[in-house]
Amino acid sequence: MTEAHVIELHRVAKHFGKVEAVRDVSLSAGAGECVALVGHNGAGKTTLMKLMLGLLHPSRGDVRVLGHDPCAGAFAVRRRIGFLPETIAFNPALTATEMLRFYATLKREPRSVVAPLLARVGLAAAADRRIGTYSKGMRQRLGLAQALLGEPALLFLDEPTTGLDPALRGQFYGLIRDLAGAGATVLISTHALGELEGVADRVVILDRGEVLADGSLGELRRLAHLPIRVRVKVAGPHAAAPAWLRDAGQAVNGHHFDLTCTPDTKMALLRRAVESGSAVDDIEVAEPTLDDLYAHFLSRGDAR
Ligand SMILES: Nc1ncnc2c1ncn2[C@@H]1O[C@H](COP(=O)(O)OP(=O)(O)OP(=O)(O)O)[C@@H](O)[C@H]1O
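Residues numbered from 1 in each chain as written. Predicted model: local features only at pLDDT ≥ 70, side-chain atom pairs only at ≥ 80, totals over all residues. Heavy atoms only, no water.

Now for the site of the ligand. Neighbouring the ligand are 14 residues, the closest being Asn41, Gly42, Lys45, Thr46 and Thr47. Separating an oxygen atom of the ligand from a backbone N or O atom of Gly42 is a distance of 2.8 Å. Taking 640 Å² as the accessible area of the ligand by itself, protein coverage stands at 62%. At the level of secondary structure, the elements contributing two or more residues to the shell around the ligand comprise strand 2 (19–29) and helix 1 (45–53). With 3 residues, helix 1 is the single largest residue contributor to the shell around the ligand. Its residues assigned to classes, the shell around the ligand shows 4 nonpolar, 7 polar and 3 charged. (Near = heavy atom within 4 Å. Polar contact = N/O pair within 3.5 Å; in protein donor to acceptor, adjacent residues only side chain to side chain. Areas by Shrake-Rupley, 256 points an atom, 1.4 Å probe, with all protein chains shown as cover. Helix = DSSP H or I, 4+ residues; strand = E, 2+ residues; numbered from the N terminus. Nonpolar A, V, L, I, M, F, W, Y, C, P; charged D, E, K, R; others polar.)

This brings us to the nonpolar core. Counting 55 residues, the largest nonpolar core has Leu100, Leu142, Leu193, Val203 and Leu293 as the members making the most contacts within it. Broken down by element, this core gets its largest block of residues, 7 residues, from helix 6 (residues 166–181). Those residues in contact with Val203 that lie beyond four places of it in its chain are Ala36, Val38, Leu193, Leu196, Ala213, Asp214, Gly215, Leu217 and Leu220. Residues Leu37, Leu48, Met52 and Leu154 belong to the second largest nonpolar core, which totals 27 residues. (Core = buried A, V, L, I, M, F, W, Y, C linked by side-chain atoms within 4.5 Å. Buried < 20%, exposed > 50% of the residue type's maximum accessible area, 1.4 Å probe, protein only. Contact = heavy atoms within 4.5 Å.)

Our next topic: helix 1. Of all 9 residues in helix 1, 7 are buried; the element is thus mostly enclosed. Considered for burial, the residues of helix 1 that qualify are Lys45, Thr47, Leu48, Met49, Leu51, Met52 and Leu53. The first or second residue beyond helix 1 is Gly54, which carries a positive phi of 80°.

All right, on to the layout of surface pockets then. Of the voids in this model, the largest pocket is the one considered here, and its volume is about 450 Å³. Lining the largest pocket are 18 residues, and of these Leu53, Arg78, Ile81, Phe83 and Lys107 sit closest to its centre. Mapped onto the lining of the largest pocket, the elements with two or more residues apiece are helix 2 (75–78), strand 5 (81–84) and helix 3 (96–106). Class assignment of the residues belonging to the lining of the largest pocket gives a composition of 11 nonpolar, 4 polar and 3 charged. The calculated volume of the second largest pocket comes to roughly 190 Å³. What lines the second largest pocket is Arg221, Arg222, His225, Leu226, Ile228, Pro263, Asp264, Lys266, Glu287, Pro288 and Leu293. (1 Å grid on protein atoms, 1.4 Å probe; cavity = no way out; pocket = protein on both sides within 12 Å on 5 of 7 lines; lining within 4 Å. Points joined across faces, edges and corners; volume = space filled by probe spheres on them.)

Time to look at unusual backbone geometry. In this structure, Arg11 is a non-glycine residue whose phi angle is positive, near 45°. Within the secondary structure layout, Arg11 lies in strand 1 (residues 7–16). In the Ramachandran plot, Arg208 falls in the positive-phi region, its phi being about 45° despite a non-glycine side chain. Among the structural elements, Arg208 can be located in the loop between strand 8 (202–207) and strand 9 (210–215).

Another point: the packing of aromatic side chains. Scanning the entire structure with this criterion turns up 2 aromatic pairs. Between Phe90 and Tyr103, the aromatic rings sit 6.5 Å apart at their centres with planes inclined by 90°, giving edge-to-face as the arrangement. Of the two residues, Phe90 sits in the loop between strand 5 and helix 3 while Tyr103 sits in helix 3, which places them 13 residues apart along the sequence. With a centroid separation of 5.6 Å and 80° between ring planes, the pair formed by Phe102 and Tyr103 is classed as edge-to-face. Accessibility expressed as a relative area gives 47% for Phe102, which makes it partly exposed. Among the aromatic residues, those joined into a cluster by ring pairs are Phe90, Phe102 and Tyr103. Arg108 extends its terminal NZ or CZ atom over the ring of Phe75, reaching a point 3.8 Å from the ring centre. (Phe/Tyr/Trp six-rings, centres within 6.5 Å; stacked < 30°, edge-to-face > 60°. Lys NZ or Arg CZ within 6 Å of the ring centre and 35° of its normal.)

This is the structure we're talking about:
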């Protein structure tokens, strides 16, 4: 196995009876890479993760994880993998320390790893409280601590931020960035492309079991070539606005014109607005959001 191939899927398909959950998917991930699997409900994200975890056999194609067939179930490979499932149920009567010690035993890790791990996910102060008293965010961090047992080389996180508030989500992603920075390969599945800026090195957009797009957010933005929206506020009424603005823009509420441009024409448009002097009061530039990007690729999928 080379560094470039911590995960390698070649033309993988998975059928459940007549349901084609995954169709002809090829993807790879290298050491230290954080890859997001993004797609609506039923797109095939969990199925793909289960295939990589060796919990499902592919109907077709080849899956290699850390250089091995995950279905072989070799303990030496499994112990290098961490998994945070979409829903994880802990015994509410146990404390976080007791629960993690139990998981540490399963992974053949010493008990001494538990306290530092709980501190790492911000649960040191609550380590000896029963899990039944934990908030959703605390349970999620405990789930992450469980996944981090044994310093895994490969982490699978299935919709890890569902139900977390923005501050906790930020902390969670901070931890994930640190792990990837330390060389772990991280695979995150999510519905929310919008929260992946600065987190994922690569985004794989899935739809009905197929890969619609695979690249960094920058690459996907370039590929989509979505328009940039520019809103210009004029000093007086619409009719008194400079002629170029009345020709190129769409008049909206009161003193505004909406225009669109591309990355190539943006600066020329802004210069023109600035050169209009006191006739222009303000300029707002709205780059396409990640949600716009997601909608764009999904609409291309619909056109197939
Ligand atoms: N064990 C199974 N038996 C039958 N169908 C299944 C099974 N597991 C998954 N599917 C189907 O495969 C498709 C993909 O499901 P999967 O859970 O992988 O999607 P997902 O992208 O993870 O969705 P979600 O975001 O809702 O978790 C769905 O149509 C689902 O109903």
